[in-house]
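Coordinates in review
Here is what each chain is made of, one letter per residue.
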Amino acid sequence: INHQSTGGSGPTHLWLDMPSKTLLVANYGGGSVSSIAVRDDGSLGDLVSTIQHQGKGPHRRQASPHAHGVAVDASGKFVLATDLGTDRVYAYPFNRTNHALSAEAAPALVAETGSGPRHLVFSRDQRFVYLLSELSAELTVLRWDAPQARFTVIQNLATHSAQFTGTKSGSEIAISADGRFVYVGNRGESQLQVYAVNAQSGVLSLAQTIACAGENPWTFALHSSGHWLLVANERSNRVNVFSVNTATGMLADTGQSAESPMPISLTFVD
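Residues numbered from 1 in each chain as written. Predicted model: local features only at pLDDT ≥ 70, side-chain atom pairs only at ≥ 80, totals over all residues. Heavy atoms only, no water.

Turning next to the overall build of the protein chain. Regarding its fold elements, the protein chain presents zero helices and 21 strands. Against the globule reference of 18 Å for 270 residues, the protein chain gives a C-alpha radius of gyration of 18 Å, in line with a compact fold. C-alpha extents for the protein chain along the principal axes are approximately 45 × 40 × 40 Å. For the protein chain, the accessible area works out to roughly 12,300 Å², and carbon and sulfur atoms hold 51% of it. Across the protein chain, 18 positive and 21 negative side-chain charges occur, with their mean positions spaced 4 Å apart. (Helix = DSSP H or I, 4+ residues; strand = E, 2+ residues; numbered from the N terminus. Rg over C-alpha atoms; globule rule 2.2 N^0.38 Å. Areas by Shrake-Rupley, 256 points an atom, 1.4 Å probe, with all protein chains shown as cover. Lys, Arg positive; Asp, Glu negative; His and termini not counted. Charge placed at Lys NZ, Arg CZ, Asp CG, Glu CD.)

Written out as structure tokens, the structure reads:
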């Protein structure tokens, strides 16, 4: 239909906020987060705001900011943005009326040094945030207090095995529609993990670790039915299909797959 600048280089993650008709963008290369108005016909309107991140980290891949993910909280008042390069999760005030992000008085979670925050998901009741870091392959549970705009760390979990000596790499995270299970991709060991959610405390417990049926699970997507999970195994050039037991959350490799050259993103159109 049309195109619009994202306000920075290397856009890597999008979030469409339907209530405000705003497209939010994480610019990995430029280390910034932007908001773009969306018109009624679906075309992209003006680039409304861009917030440039500052800082760096100790890892060789943290020489500059690298915004990696964006998500709007249930209140619609904040956009949470992960930055792999600065080890931060920012909470930017968001105005749904004019599509604008603000850097003023924006709180930030200071993650573990060198962890490289990548993607996050909210619990069903929005009280908790589940954060996956790429460089450390750590899974962090945060309490999100929207009225106070405050993060509190509840739990840190290693998604790699104790004996693993290779390069750690967390890839993707998703939560089941009923909020009972969190799914995580581990590129370092080419595995998928399932965690059970304690609805009261937000704490996670590991329920399953399973091979991803290929190499380098860059991302995955849960179907809205809850019965299927598709994995983009980038190095294997295939998308593999897993079934999901909705009662237990457990995954099973169906043996079904489709060839795709270096798949790195999946979206269902229901």
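Within the element layout of this structure, Thr 82 appears in strand S6 (residues 78-83). A residue is classified by how much of its surface remains accessible, and Thr 82, at 1% relative accessible area, is buried. With residues near it in sequence (within four places) discarded, Thr 82 still touches His 66, Ala 67, His 68, Gly 69, Arg 88, Val 89, Pro 117, Arg 118, His 119, Leu 120 and Leu 131. (Buried < 20%, exposed > 50% of the residue type's maximum accessible area, 1.4 Å probe, protein only. Contact = heavy atoms within 4.5 Å.)

Read from one edge to the other, the open sheet built from four strands follows the order S1-S2-S3-S4, with strand pairing classed as antiparallel. Here the strands that pair on one side only, and so sit at the sheet edges, are strand S1 (11-17) and strand S4 (44-52). Strand-to-strand twist of the sheet, defined as the mean angle between neighbouring strand axes without regard to direction, takes the value 20°. (Pairing = 2+ DSSP bridges. Axes fitted to C-alpha atoms, helices over the stretch in contact; angles between N-to-C directions.)

With that out of the way, let us pick up the pairing of strand S10 (residues 117-122). A regular strand places its side chains so that they alternate between the two faces of the sheet. With six of its six residues buried, S10 lies for the most part within the structure. Both S10 and strand S11 (residues 128-133) contribute to a ladder of five bridges, which runs antiparallel. Residue His 119 lies in a different strand from S11, and its bridge partner there is Leu 132. Connecting S10 to the next strand, S11, in antiparallel fashion are five residues, including Gln 126 with a positive phi near 70°.

Okay, the pattern of salt bridges next. What the rule picks out here adds up to nine salt bridges. Glu 134 is the partner of Arg 118 in a salt bridge, and the nearest nitrogen-oxygen pair spans 2.7 Å. Of this pair, Arg 118 sits in strand S10 while Glu 134 sits in the loop between S11 and strand S12 (138-145), placing them 16 residues apart in sequence. By the burial criterion, Arg 118 is buried, and Glu 134 matches it. For Glu 134, the salt bridge identified is with Arg 187, shortest N-O distance 2.8 Å. Note that Glu 134 is positioned in the loop between S11 and S12 and Arg 187 in the loop between strand S15 (181-186) and strand S16 (191-197), a separation of 53 residues in sequence. (Salt bridge = Lys/Arg side-chain N within 4 Å of Asp/Glu carboxyl O.)

Before going further, it helps to examine the sheet that holds S10. In space, the four strands of this open sheet follow the order S10-S11-S12-S13, with antiparallel pairing throughout. Each of the sheet's edge strands pairs with one partner strand only, and the pair in question is S10 and strand S13 (150-158). With direction set aside, neighbouring strand axes in the sheet form an average angle of 25°. Across eight bridges, S12 lies against S13 in antiparallel orientation. Paired with Glu 138 across the two strands is Ala 158, which belongs to S13.

Below, the discussion takes up the pairing of strand S3 (residues 32-38). Along S3, seven of the seven residues are buried, which leaves the element largely enclosed by surrounding structure. Here S3 shows two buried faces, one formed by Ser 32, Ser 34, Ile 36 and Val 38 and the other by Val 33, Ser 35 and Ala 37. Sheet topology note: the strand S2 (residues 22-27)/S3 ladder contains six bridges and is antiparallel. What sits directly across from Leu 23, in S3, is Ile 36. Counted between consecutive antiparallel strands, the loop separating S2 from S3 contains four residues, among which Gly 31 sits at a positive phi close to 70°. Relative to S4, S3 runs antiparallel, the two being bridged by six bridges. Of the residues in S4, the one forming a bridge with Ile 36 is Leu 47. Taking the residues that link successive antiparallel strands as the turn, the S3-S4 hairpin has five residues, and the phi of Gly 42 there is positive, at about 90°.

As a further point, take the packing of aromatic side chains. Two aromatic rings, taken as a pair, are described by how far apart their centres are and by the angle between their planes. Scanning the model with the defined rule gives three aromatic pairs in all. Summarising the aromatic geometry, the rings of Phe 78 and Trp 144 are spaced 5.5 Å apart at their centres and angled 85° between planes, so their arrangement reads as edge-to-face. Taken together, the positions of Phe 78 in strand S6 and Trp 144 in strand S12 put the pair 66 residues apart, joining distant regions of the chain. For the pair Tyr 90 and Tyr 92, a centre-to-centre distance of 5.6 Å together with 10° between the ring planes defines the contact as stacked. In this structure Tyr 90 comes out as buried when scored by relative accessible area, which is 12%. Through pairs of rings, three or more aromatic residues link up here, namely Phe 78, Trp 144 and Phe 151. (Phe/Tyr/Trp six-rings, centres within 6.5 Å; stacked < 30°, edge-to-face > 60°.)

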